[in-house]
Amino acid sequence: MNADFRLACVLFDLDGTLVDTAPDLLAALQRALRSHDLAIPDERRVQPYISYGAAAMVWESLNGSGTEELQKQVLAAMLEDYQQHIADQTRLFPGMVEVLQNLETRGIKWGVVTNKLRRFTEPLMAALQLTPRAACIISGDTTGNSKPHPEPMLAACRDAGVRPEQSVYIGDSAHDIAAGKVVNMKTVAAAYGYLKPAEDPHNWGADALISDPLEILHWIETNTCH
């Protein structure tokens, strides 16, 4: 790590990194499956697929079986339900309130880059009263491409008024780390997120690995100029 790294902006993935959306996503999925008289899978099996999107959650719930039409119907029902219950149980991960307050006190900007569609991202951020605090909010359909393509990462930096080299991206999947690295951001892997059992975030090539959001503050203290 460069001793002269001056941090201007911390960018977060949304689901599984900044906020714990699992309770509302899993509840919406279960209601959609129930409405089609389908079996409800163990939550622990499905939760790691949240980082790959609702379609992946449906696919895993059906064990990769069922017709394409059935998968589409369940997905549509899940997303419609989720939009109505987007922040019933969703909360910032423990410690993240302190992290955001600390960044703001230091004058370090923060924002969100997610593959979640804008129709879900914007209401969720608003419900959690985060919208006016974020320097940028980039959804999966804000730009022409989603992560790990560099386009949303660069759009976030433009909106926040910072350079990628002044930023760190924190995420809970390999494609999050790849997205940050391709634009020369520092990267931090959030091991507390929605990882599959066989996944090893040590293999993602991140600059750091954290198991608790509060470790972000320690990383900033030890790896950036003040």
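Owing to the predicted nature of the structure, the values given are computational and were not obtained by experimental measurement.

1. Looking at the packing of helix α1 (residues 22-35) against helix α3 (residues 54-61)
1) Next: Running from amino to carboxyl end, α1 crosses α3 at an angle of 50 degrees, the nearest separation of the two axes being 11 Å. When the interaxial angle is binned, α1 and α3 end up oblique. In the crossing of α1 with α3, the sense of the turn from one axis to the other is right-handed. From α1, Leu 25, Leu 26, Leu 29 and Leu 33 reach across to α3, where they touch Met 57, Val 58 and Ser 61.
2) Next: Residue composition of the contact of α1 with α3, grouped by class: 6 nonpolar, 1 polar and no charged.

2. Thoughts on the packing of aromatic side chains
1) Next: Counting across every chain of the model gives 5 aromatic pairs.
2) Next: On the basis of an interplanar angle of 65 degrees and a centroid distance of 5.1 Å, the ring pair of Phe 93 and Tyr 192 is categorised as edge-to-face. Pair noted here: Phe 93 is in the loop between β3 (91-92) and α5 (96-106) and Tyr 192 is in the loop between β7 (186-190) and β8 (208-210), with a separation of 99 residues, a long-range link. Comparing Phe 93 with Tyr 192, the two get one shared label, buried.
3) Next: Ring plane angle 55 degrees and centroid distance 6.3 Å describe the contact between Phe 93 and Tyr 194, whose orientation is recorded as tilted. Here Phe 93, found in the loop between β3 and α5, pairs with Tyr 194, found in the loop between β7 and β8; they are 101 residues apart in sequence, far enough to count as distant. In this structure, Phe 93 and Tyr 194 share a single accessibility class: buried.
4) Next: Among the aromatic side chains, those forming a connected cluster through ring pairs are Phe 93, Tyr 192 and Tyr 194.
5) Next: Above the ring of Tyr 52, the side-chain terminus of Lys 196 is found at 4.4 Å from the ring centroid.

3. Considering α3
Along an α-helix, residues three or four apart share an orientation, since each turn contains 3.6 residues.
1) Next: Of all 8 residues in α3, 6 are buried, a share of seventy percent or more.
2) Next: Restricting attention to buried positions, one finds in α3 the residues Ala 54, Ala 56, Met 57, Val 58, Glu 60 and Ser 61.
3) Next: Note on α3: the residue one or two positions beyond its end, Asn 63, has a positive phi of about 55 degrees.

4. Focus: the sheet that holds strand β5 (residues 137-138)
Sheet strands associate in pairs through backbone hydrogen bonding, adopting either a parallel or an antiparallel arrangement.
1) Next: In space, the 6 strands of this open sheet follow the order β5-β4-β1-β6-β7-β8, with parallel pairing throughout. Strands at the two margins of the open sheet, each flanked by one partner only, are β5 and β8.
2) Next: Pairing analysis gives 3 bridges linking β7 to β8, with the strands arranged parallel. Directly across from Ala 190, in β8, lies its bridge partner Ile 210.
3) Next: Helix-sheet contacts for α5 involve β1 (9-12) and β4 (109-113), and the interaxial angle to β1 is about 150 degrees.

Criteria and cut-off values
- Residues numbered from 1 in each chain as written.
- Predicted model: local features only at pLDDT ≥ 70, side-chain atom pairs only at ≥ 80, totals over all residues.
- Heavy atoms only, no water.
- Axes fitted to C-alpha atoms, helices over the stretch in contact; angles between N-to-C directions.
- Helix = DSSP H or I, 4+ residues; strand = E, 2+ residues; numbered from the N terminus.
- Parallel < 35°, antiparallel > 145°, perpendicular 65-115°, else oblique.
- Left-handed = near helix turned anticlockwise from the far one by under 90°.
- Contact = heavy atoms within 4.5 Å.
- Nonpolar A, V, L, I, M, F, W, Y, C, P; charged D, E, K, R; others polar.
- Phe/Tyr/Trp six-rings, centres within 6.5 Å; stacked < 30°, edge-to-face > 60°.
- Buried < 20%, exposed > 50% of the residue type's maximum accessible area, 1.4 Å probe, protein only.
- Lys NZ or Arg CZ within 6 Å of the ring centre and 35° of its normal.
- Pairing = 2+ DSSP bridges.

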